[in-house]
Amino acid sequence: MNRQEHLFVNLLLTAFFIGLLWFIHYLGFSTITLKEFNNLLGDYFEIWIVSLFVFSNLSDIDNANARVSTYFLLFCIGLGGYGVYKIFNSVGDSISLILGIVFLIIAPSLMIYHHTIQIDGWHHRRFPHTFTFGAFTSMLFSSVLLFLGFSLRSVLVFFVISFIYFSAHIFVDGFLDEAIQRDKQFWASNTNGKKDLIFCRY
């Protein structure tokens, strides 16, 4: 499936879950209040859009021709630029200086990693097409939200949403068995084996 089809599938999935939540709430079994539910859809709409667009196709990040690879490169450039901005505006603020340096280290490191795992065609479906990768990136996304001051409850909700979007991509690609096998291989491997999987050496 192409990226538009993956987005469409996750939009349908979102509509289904929204309808299900409303139905559960209507029956009186919901643990979330109507106000909280409306706030989740309204106040965090931009975060939901980011989660939808990023995690619907994130598993194709090792595909050199995928649009998500281009977006990731732009994100790294933006992250590095933000690091430079923090450094130049860190006069008398050691925290900003440290954050700027960290961003400047992370940005090129991610770009180098991304370059090493890229491949053209069908064979790109390696470690990024695993639930382990999906769980890790969902936790990373949630950690950023927590750092930005979002409530723990909303962060947990977006972790679940992001992981579901990611998993749906693997499922509709018909890659479920292979993903599970790679997950088992990852957790059963020694340190060197894990590195080989993470760096997509096989």
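See the structure above.
Please read these numbers as outputs of a predicted model, since none were measured by experiment.

**Description of the overall build of the protein chain**
When its secondary structure is counted, the protein chain shows 9 helices and 0 strands. Taking all 202 residues of the protein chain together, the buried fraction comes to 36%. For the protein chain, the share of sequence-separated contacts (at least 6 apart) that also reach a separation of at least 24 residues comes to 69%. Per element, the accessible surface of the protein chain, about 12100 Å² overall, is 72% carbon and sulfur.

**Considering the packing of helix H6 (residues 131–147) against helix H7 (residues 152–172)**
Two quantities define a packed helix pair, namely the angle between the axes and the distance from one axis to the other. Viewed as axis vectors pointing N to C, H6 and H7 meet at an angle of 150°, and their least axial separation amounts to 9 Å. By the criterion of interaxial angle, the relationship of H6 to H7 is roughly antiparallel. Here H6 runs over H7; the crossing is right-handed. Contacts from Phe131, Phe133, Gly134, Ala135, Ser138, Met139, Phe141, Ser142, Leu145 and Leu146 of H6 reach H7 at Leu152, Val155, Phe158, Phe159, Ser162, Phe163, Phe166, Ser167 and Ile170. Of the residues that constitute the contact of H6 with H7, the class distribution is 14 nonpolar, 5 polar and no charged.

**Some points on a nonpolar patch on the surface**
The grouping of Phe16, Phe17, Leu20, Phe23, Val160 and Ile164 at the surface amounts to a nonpolar patch, some 520 Å² of accessible area in total. Of all elements in the fold, only helix H1 (3–27) and H7 reach the threshold of two or more residues within the nonpolar patch. The dominant element in the nonpolar patch, judged by the number of residues it contributes, is H1, at 4 residues. Mapping Phe23 onto the fold places it in helix H1.

**Quick look at helix H5 (residues 94–117)**
Look at H5: 35 Å from first C-alpha to last across 24 residues, which is about the 34 Å you get at 1.5 Å a residue. Taking the backbone nitrogen of Ile95 as reference, a side-chain oxygen 3.3 Å away marks Asp93 as the first, capping residue of H5.

**Notes on the packing of aromatic side chains**
Counting across every chain of the model gives 9 aromatic pairs. Where Tyr82 meets Tyr85, the ring centres are 6.1 Å apart and the plane angle is 25°; that geometry is what we call stacked. Here Tyr82 and its partner Tyr85 are both found in helix H4 (residues 67–88), 3 residues apart, which amounts to about one turn of the helix. What makes Tyr82 partly exposed here is its relative accessible area of 39%.

**A short note on the environment of Val102**
Counting through the fold element by element, Val102 comes out in helix H5. Between the alpha carbons of Val102 and Gly80 there is a distance of 9.3 Å; along the sequence they are 22 residues apart.

So, how was this worked out
Every chain is numbered on its own, with residues counted from 1 as its sequence reads. Reporting in this predicted model follows two pLDDT cut-offs: at least 70 for local features of residues, and 80 or more for side-chain atom pairs to be given and counted; totals over whole chains, interfaces and linings ignore these cut-offs and use all residues. Computation of side-chain values: all heavy atoms of the structure, hydrogens and water removed. Strands here mean DSSP runs of E at least two residues long; helices mean DSSP runs of H or I at least four residues long; both are numbered from the N terminus. Each residue's exposure class comes from its accessible area (1.4 Å probe, protein chains only) as a fraction of the maximum for that residue type: buried when under 20%, exposed when over 50%, partly exposed otherwise. In this analysis, two residues are considered to be in contact whenever any of their non-hydrogen atoms come within 4.5 Å of each other. Each accessible area is a Shrake-Rupley result for a 1.4 Å probe, and residues are judged covered by the shown protein chains and nothing else. Fitted lines through C-alpha atoms give the axes, limited to the stretch in contact for helices. The angle between two N-to-C directions lies from 0 to 180 degrees. Each angle is binned into one of four classes, with values under 35 degrees roughly parallel, values over 145 roughly antiparallel, values of 65 to 115 roughly perpendicular, and all other values oblique. For any helix crossing, the convention is left-handed if the near helix is rotated counterclockwise from the far helix by under a right angle, and right-handed if that rotation is clockwise. Residue type decides the class: Asp, Glu, Lys and Arg count as charged, Ala, Val, Leu, Ile, Met, Phe, Trp, Tyr, Cys and Pro as nonpolar, and the leftover types, Gly among them, as polar. Residues form patches when they are more than 30% accessible in relative terms and have no salt bridge. Like charges link within 9 Å. Nonpolar side chains (Val, Leu, Ile, Met, Phe, Trp, Tyr) link within 5 Å. Note on definitions: salt bridges are taken to be side-chain nitrogens of Lys or Arg within 4 Å of carboxyl oxygens of Asp or Glu. Any helix carries an expected span of 1.5 Å times its number of residues minus one. We call two N or O atoms a polar contact when they sit within 3.5 Å, provided that within protein one can donate a hydrogen and the other can accept it, with sequence-adjacent residues counted only if both atoms are side-chain atoms. Two aromatic rings from Phe, Tyr or Trp, using only the six-membered ring of Trp, form a pair when their centres are within 6.5 Å; if the ring planes differ by under 30 degrees the pair is stacked, by over 60 it is edge-to-face, and anything between is tilted.

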